[in-house]
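Chains, contacts and geometry: an overview
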Amino acid sequence: MTFIDTHTHLYREYYPENFEEVVQRAIDADVTQMILGCVNSETPAQINDAVSHFPDNMFALVGLHPEDTKENFEEELAALEPHIEDRNVIGIGEIGLDYYWDRTYEKQQQDVFYRQLCWARDRQMPLSLHIRNAYPDAIQILQRFKPGELSGVMHCFSGGIQEAEWAVNRGFAIGVGGVVTFKNSKLQELLPKIGLEHIVLETDAPYMAPVPHRGKTNESSYIPIIAQKLAEIFQVSLSDVADQTTANARRIFTKLPE
């Protein structure tokens, strides 16, 4: 049984005292591959450090997070784009739109989002999309591309059934993390309407830890907890969830080794 954490921030900055131990716990829990999200121009150095210690288990994304999109976004993009060629980079992310906390740089977010989508299209690389309180604008920008030009994951999906159906019809998977284990999570009703064949697992560690670790530091070793919740929702075995979500992740992130 093998799991893939399709979105984690498992680098030393967040685990300064026990980084190697945390990664090894994930591997011991059969989470053998972890994809590291990027948020700004300082992240690639941290990701490269992680990859250098666990080259068979850690894989990288490159991207400017919407919340990190400020007045210096041109400099950030210029610094990030060359890292697409870094070792173990397998996609673009996490990128998108986030209007939850602050809409000061809304127009800049939209411009940065579109430009990074072009990075992905031109290089035929999958995406990890961060969309929060901004699905109408995000979908409008994504629709500027032809069907089949983009693929990837709706990371930490927080939309409704219409957004989910639009996403899977355009070739995107739904990223499911610890939120699905929360008592009142709407995902528990939504996911059966989408189907396990369109779902990938993620933690977003160190954030969003699943029950029973809610409120504590998250880590990739908790992926089986999320998978077990999906097994209950879909009334299948844990190994079925592992097999299907791993296959889904490999279908999207084609540079992941077998």
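The structure reproduced in this document is the subject of the present report.

Calculation notes
- Residues numbered from 1 in each chain as written.
- Predicted model: local features only at pLDDT ≥ 70, side-chain atom pairs only at ≥ 80, totals over all residues.
- Heavy atoms only, no water.
- Core = buried A, V, L, I, M, F, W, Y, C linked by side-chain atoms within 4.5 Å.
- Buried < 20%, exposed > 50% of the residue type's maximum accessible area, 1.4 Å probe, protein only.
- Helix = DSSP H or I, 4+ residues; strand = E, 2+ residues; numbered from the N terminus.
- Contact = heavy atoms within 4.5 Å.
- 1 Å grid on protein atoms, 1.4 Å probe; cavity = no way out; pocket = protein on both sides within 12 Å on 5 of 7 lines; lining within 4 Å.
- Points joined across faces, edges and corners; volume = space filled by probe spheres on them.
- Nonpolar A, V, L, I, M, F, W, Y, C, P; charged D, E, K, R; others polar.
- Phe/Tyr/Trp six-rings, centres within 6.5 Å; stacked < 30°, edge-to-face > 60°.
- Lys NZ or Arg CZ within 6 Å of the ring centre and 35° of its normal.
- Axes fitted to C-alpha atoms, helices over the stretch in contact; angles between N-to-C directions.
- Parallel < 35°, antiparallel > 145°, perpendicular 65-115°, else oblique.
- Left-handed = near helix turned anticlockwise from the far one by under 90°.
- Salt bridge = Lys/Arg side-chain N within 4 Å of Asp/Glu carboxyl O.

A separate point is the nonpolar core. Ranked by size, the top nonpolar core spans 74 residues in total, and within it Met58, Leu117, Leu129, Met154, Ile174 and Leu191 carry the most contacts. Counting residues per element, this core draws most heavily on helix H8 (residues 223–234), at 7 residues. Excluding residues within four positions of it along the chain, Leu191 makes contact with Ile174, Val176, Val180, Ile199, Leu230 and Phe234. By size, the runner-up hydrophobic cluster in this structure holds 12 residues, among which are Ile4, Leu61, Ile90 and Phe253.

This part takes up the environment of Glu81. Structurally, the position occupied by Glu81 is in the loop between helix H3 (73–80) and strand E4 (89–98). Judged by relative accessible area, Glu81 falls into the partly exposed class, the value being 30%. Sequence spacing of Glu81 and Trp166 is 85 residues, and the spatial spacing of their C-alpha atoms is 29 Å. Discounting residues that sit within four places of it in the chain, Glu81 has contacts with Trp119 and Arg123.

Let's shift gears to empty space enclosed by the protein. Throughout the structure, instances matching the rule amount to 3 cavities of 30 Å³ or more. In this structure, the largest cavity encloses a volume near 70 Å³. Lining the largest cavity, in full, are Cys156, Phe157, Gly175, Val176, Gly177, Gly178, Val179, Leu187, Glu202, Thr203, Asp204 and Met208. By residue class, the composition of the lining of the largest cavity is 6 nonpolar, 4 polar and 2 charged.

Another aspect to go through is the layout of surface pockets. If you roll a probe as big as a water molecule over the atoms, it shows you where there is empty space left. Counted as a void, the largest pocket has a volume near 700 Å³. Along the wall of the largest pocket there are 26 residues; nearest its centre are His130, Arg132, Cys156, Asp204 and Met208. At the level of secondary structure, the elements contributing two or more residues to the lining of the largest pocket comprise E4, strand E5 (127–132) and helix H7 (187–194). With 3 residues, the single largest contributor to the lining of the largest pocket is E5. A per-class count over the lining of the largest pocket returns 12 nonpolar, 7 polar and 7 charged. For the second largest pocket, the calculated volume is near 290 Å³. As for the second largest pocket, its lining consists of 18 residues, and the residues nearest its centre are Leu150, Ser151, Gly171, Arg251 and Ile252.

Taken as a whole, this structure holds 6 aromatic pairs when the rule is applied. A centroid spacing of 5.7 Å and a plane angle of 35° characterise the contact between Tyr11 and Tyr14, whose relative ring orientation is tilted. Ring plane angle 85° and centroid distance 4.8 Å describe the contact between Tyr100 and Trp101, whose orientation is recorded as edge-to-face. Exposure remark for Tyr100: the relative accessible area of 40% places this residue in the partly exposed category. On the basis of relative accessible area, Trp101 is assigned to the exposed category, the value being 65%. An aromatic cluster is defined as three or more aromatic residues linked by ring pairs; in this entry it consists of Tyr11, Tyr14 and Tyr207. Over the face of the ring belonging to Tyr100 we find Arg132, whose NZ or CZ atom lies 3.6 Å from the ring centre. One Lys or Arg, Arg144, reaches over the ring of Tyr114 and ends 3.9 Å from the middle of that ring.

It is at 10 Å that the axes of H7 and H8 come closest, and there the two elements cross at 70°. Relative to H8, the element H7 is oriented roughly perpendicular. Like other packed secondary-structure pairs, H7 and H8 cross with a definite hand, here right-handed. Contact residues: Gln188, Leu191 and Pro192 in H7; Lys229, Leu230, Ile233 and Phe234 in H8.

Next up on the list: the pattern of salt bridges. Where charged atoms of side chains with opposite charge meet at close range, the side chains can pair. One pass over the full model with this rule turns up 11 salt bridges. Glu74 serves as the salt-bridge partner of Arg115, at 2.9 Å between the closest nitrogen and oxygen. On the criterion of sequence distance, the pair formed by Arg115 in helix H4 (residues 106–123) and Glu74 in helix H3 is long-range, its members being 41 residues apart. Here Glu74 falls in the partly exposed class, since its relative accessible area comes to 39%. Note that Arg121 and Asp122 form a salt bridge whose closest N and O atoms lie 2.9 Å from each other. Its relative accessible area of 28% is what places Arg121 among the partly exposed residues.

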